[in-house]
Amino acid sequence: MKITIRSHKIFVGGKAVAFKQTPNGGKPLTPTGIIVHDTAGDLAGTGSVSWLCNPAAKASAHVVVGWDGTITQLMALNRQTWHAGQSKYQGRANCNGFTIGIEISNPGAMVKSPAGGYSNNAKNPLKGVRVPEHMDVRHAKSANHGPAYWLMYSDAQLDAVTELCKAIAEAYAIDFIAPHWEICVPKGRKVDTNPLFPLAQFRADVLGRTLGFADLPDEWDSQPEVDPQHDPSADPSDAASSGPVHAPEACGRHTALARSAAHHARLIHEPLRPAPAG
């Protein structure tokens with residue numbers, strides 16, 4: 001996938017990606033960083049695109065990347081969007097003013113649904129975004145994420161986001177990449193991207209380096225802690241059986257990297273279990 005940036009627009013294979021202008025934002029932007037988010041919406045991303053283009057949302061992003069890797073652009077990359085909210089990076093406030101926001105279609109934290117599968121509506125698991133049981137869902141927590149069920153990102157998404165960020169880094173003076181949870185104020189207000197996102201490898205792929213521990217926020221615990229006995233990736237009973245891309249024998253490089261994200265994000269996998277009643 002060859003991605004290029006021309007006149008602040010995104011092109012894949014020489015063809016401009018779908019562009020749907022959001023009214024939310026528009027001030028001039030000279031980007032020096034990229035913030036990656038989860039949509040907490042539908043996997044296709046179409047619902048998230050519609051919402052981020054709705055003035056009532058009072059939120060937006062530059063790009064939405066769907067489950068199949070489809071890229072939709074919502075704002076020229078030299079114009080601000082409202083993706084970061086209250087935020088700070090290394091002492092600099094208002095990350096909207098100096099970063100590009102990329103939304104990855106992912107439901108975020110989920111609970112077991114009594115109807116089967118998973119839902120991102122903890123109060124009413126029969127509603128919200130529903131994820132079927134055959135998809136690669138893992139119960140996990142980290143120093144920056146509470147315990148929940150999380151959906152593994154697709155290889156198509158990770159490929160698209162990686163190549164897009166490489167193109168952005170080449171076109172602009174990008175010197176950092178951060179997930180929303182790392183820059184939100186107060187800390188703990190946001191948990192995206194989810195703990196299965198291979199952050200350290202992603203930074204290395206895009207910028208040619210990972211951040212040193214001295215550059216990481218105080219909240220980041222650099223010491224790996226993994227419980228191999230409860231790692232679902234080693235349990236054949238947890239393997240996806242009918243998903244389009246997530247069977248272990250068919251998984252690609254990025255899915256394998258995401259499964260090893262525990263070593264970068266202090267991920268603790270726990271055995272799958274039903275959500276508490278009520």
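Given the structure is predicted, the values throughout are model-derived calculations rather than measurements.

Parameters and conventions
- Residues numbered from 1 in each chain as written.
- Predicted model: local features only at pLDDT ≥ 70, side-chain atom pairs only at ≥ 80, totals over all residues.
- Heavy atoms only, no water.
- Helix = DSSP H or I, 4+ residues; strand = E, 2+ residues; numbered from the N terminus.
- Contact = heavy atoms within 4.5 Å.
- Core = buried A, V, L, I, M, F, W, Y, C linked by side-chain atoms within 4.5 Å.
- Buried < 20%, exposed > 50% of the residue type's maximum accessible area, 1.4 Å probe, protein only.
- Phe/Tyr/Trp six-rings, centres within 6.5 Å; stacked < 30°, edge-to-face > 60°.
- Pairing = 2+ DSSP bridges.
- Axes fitted to C-alpha atoms, helices over the stretch in contact; angles between N-to-C directions.
- 1 Å grid on protein atoms, 1.4 Å probe; cavity = no way out; pocket = protein on both sides within 12 Å on 5 of 7 lines; lining within 4 Å.
- Points joined across faces, edges and corners; volume = space filled by probe spheres on them.
- Nonpolar A, V, L, I, M, F, W, Y, C, P; charged D, E, K, R; others polar.

This paragraph deals with the environment of Met135. Along the chain, the position of Met135 falls in the loop between β15 (130-131) and β16 (137-142). Between the C-alpha atoms of Met135 and Tyr118, which are 17 residues apart in sequence, the distance is 9.8 Å. Leave out the neighbours within four places in its chain, and Met135 touches Leu43, Trp67 and Leu151.

Bringing the nonpolar core into the picture now. Formed by 31 residues in total, the largest nonpolar core has its most connected members in Ile10, Ile71, Ile102 and Ile168. It is helix α2 (residues 155-171) that provides the largest number of residues to this core, a total of eight residues. Setting aside anything within four residues of it in sequence, one finds Ile168 in contact with Ile5, Ile34, Leu77, Ile100, Ile102 and Ile174. In this structure, Leu43, Trp67, Met110 and Val131 belong to the second largest nonpolar core, which totals nine residues.

Once that is clear, we can look at the packing of aromatic side chains. Given two aromatic rings, one states the distance between the centres and the angle between the planes to describe the pair. Inspection of the entire model under this criterion finds five aromatic pairs. An angle of 55 degrees between the planes, with centres 6.3 Å apart, marks the rings of Phe98 and Phe176 as tilted. Note that Phe98 is positioned in the loop between β11 (92-93) and β12 (99-104) and Phe176 in strand β18 (residues 176-179), a separation of 78 residues in sequence. The two residues Phe98 and Phe176 agree in class, both being buried.

Strand order in the open sheet formed by three strands is β1-β2-β3, and the pairing between neighbours is antiparallel. Each edge of the sheet is formed by a strand with only one pairing partner; in this case those strands are β1 (3-6) and β3 (15-16). Bridge count between β1 and strand β2 (residues 9-12): four bridges; the pairing is antiparallel. By the bridge assignment, Ile5 is partnered in β2 with Ile10. Those strands touched by α2 are β1 and β2, and its axis lies near 35 degrees from that of β1.

Now for the layout of surface pockets. Gaps left between atoms are located by rolling a probe of water-molecule size over the structure's atoms. Taken as a whole, the largest pocket encloses approximately 450 Å³ of empty space. Around the largest pocket, the lining is made up of 26 residues, and of these Asp38, Thr39, Ala40, Lys190 and Asp192 lie nearest the centre. Sorting the residues of the lining of the largest pocket by element identifies β6 (33-38) and α1 (46-52) as the ones contributing at least two each. Its residues placed into classes, the lining of the largest pocket shows 10 nonpolar, 11 polar and five charged.

Reading across from one edge, β4-β8-β7-β12-β6-β18 is the order of the six strands in this open sheet, with mixed pairing throughout. The two strands at the open ends of the sheet, each matched to only one other strand, are β4 (18-19) and β18. In terms of strand pairing, β6 meets β12 through six bridges, oriented parallel. Counterpart to Asp38 in the pairing with β12 is Ile104. Lying on the sheet, α2 is in contact with β6, β7 (63-65), β8 (71-73) and β12; it crosses β12 at an angle near 170 degrees. Seen against the sheet, helix α4 (residues 199-207) touches β6 and β18 and runs at an angle of roughly 155 degrees to β18.

None of this, on its own, says anything about what the molecule does.
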